[in-house]
Amino acid sequence: MRRLLLLLSAAACAHAPVEEGVEVTPVEIVRAEAGEGQSAPVRKACRGKGPRIPDGETVSGTVTAVYLVGADGKVTDVKITGNASPGASKAIARYIAGCTYKPAMRDGKPVAVHWRGDLNFTKAPATR
């Protein structure tokens, strides 16, 4: 998962090359439960409208992302499951890792939580 942090750092660099591919805007259905006495994290921002799926890679249907939203609001430990090729899964993970959140709160203090989102790619482009 540290590799994802390195990928996020490279993607965040203003001098990093622009990825080839198609930016896809999935419909996100978040399903997770905040613990007792705890608020849920709230997404503040993501880079772009959706992941940039590289040429030749495919994704369809619903893809599930499970990740950790840290007490600092940063996303780490992203895991992708569902009908996506390896390159598409990496692109989705990179996109999610680039999002920031207002962290979950417990007893007035920010806490890290595992979160899950179901991303619907029913209108994703076909393989190019």
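Here the structure is shown first, and the text comes after it.
Since the structure is predicted, the reported quantities are computational estimates derived from the model, not experimental observations. Every chain is numbered independently, its residues counted from 1 as its sequence is written. pLDDT decides what is reported in this predicted model: residues at 70 or higher carry local features, side-chain atom pairs at 80 or more are listed and counted, and totals for whole chains, interfaces and linings draw on all residues regardless. Working from all heavy atoms in the structure, the side-chain values ignore hydrogens and water.

Some words on the overall build of the protein
By the criteria applied, helices consist of DSSP H or I runs no shorter than four residues and strands consist of E runs no shorter than two, each listed in order from the N terminus. Looking only at helices and strands, one finds 2 helices and 10 strands in the protein. A simple rule labels every residue: compare its accessible area, found with a 1.4 Å probe on the protein chains alone, to the largest value its type can have, and call it buried under 20%, exposed over 50%, or partly exposed in between. Taking all 128 residues of the protein together, the buried fraction comes to 37%. By the convention used here, residues are in contact when the closest approach between their heavy atoms is within 4.5 Å. Taking the intrachain contacts of the protein between residues at least 6 apart in sequence as the baseline, contacts between residues at least 24 apart amount to 79%. Accessible surface, the protein as shown: approximately 7700 Å² in total, 54% of it carbon and sulfur. Using a 1.4 Å probe, accessible areas were evaluated by the Shrake-Rupley method; residue-level cover was limited to the displayed protein chains.

Overview of the pattern of salt bridges
What counts as a salt bridge is simple: a side-chain nitrogen of Lys or Arg found within 4 Å of a carboxyl oxygen of Asp or Glu. This model, assessed by the stated rule, comprises 1 salt bridge. Here R116 makes a salt bridge to D118, at a shortest N to O gap of 3.2 Å. With a relative accessible area of 31%, R116 lands in the partly exposed category. Overall, D118 belongs to the buried group, its relative accessible area being 5%.

Some words on helix α2 (residues 86-97)
The span one expects for a helix is its residue count, reduced by one, times 1.5 Å. The end-to-end C-alpha distance of α2, which contains 12 residues, comes to 16 Å, matching closely the 16 Å that a straight helix rising 1.5 Å per residue would cover. Every buried residue of α2 is listed here: G87, A88, S89, A91, I92, A93, R94, Y95, I96 and A97.

None of the figures reported here should be taken as evidence of function without further support.
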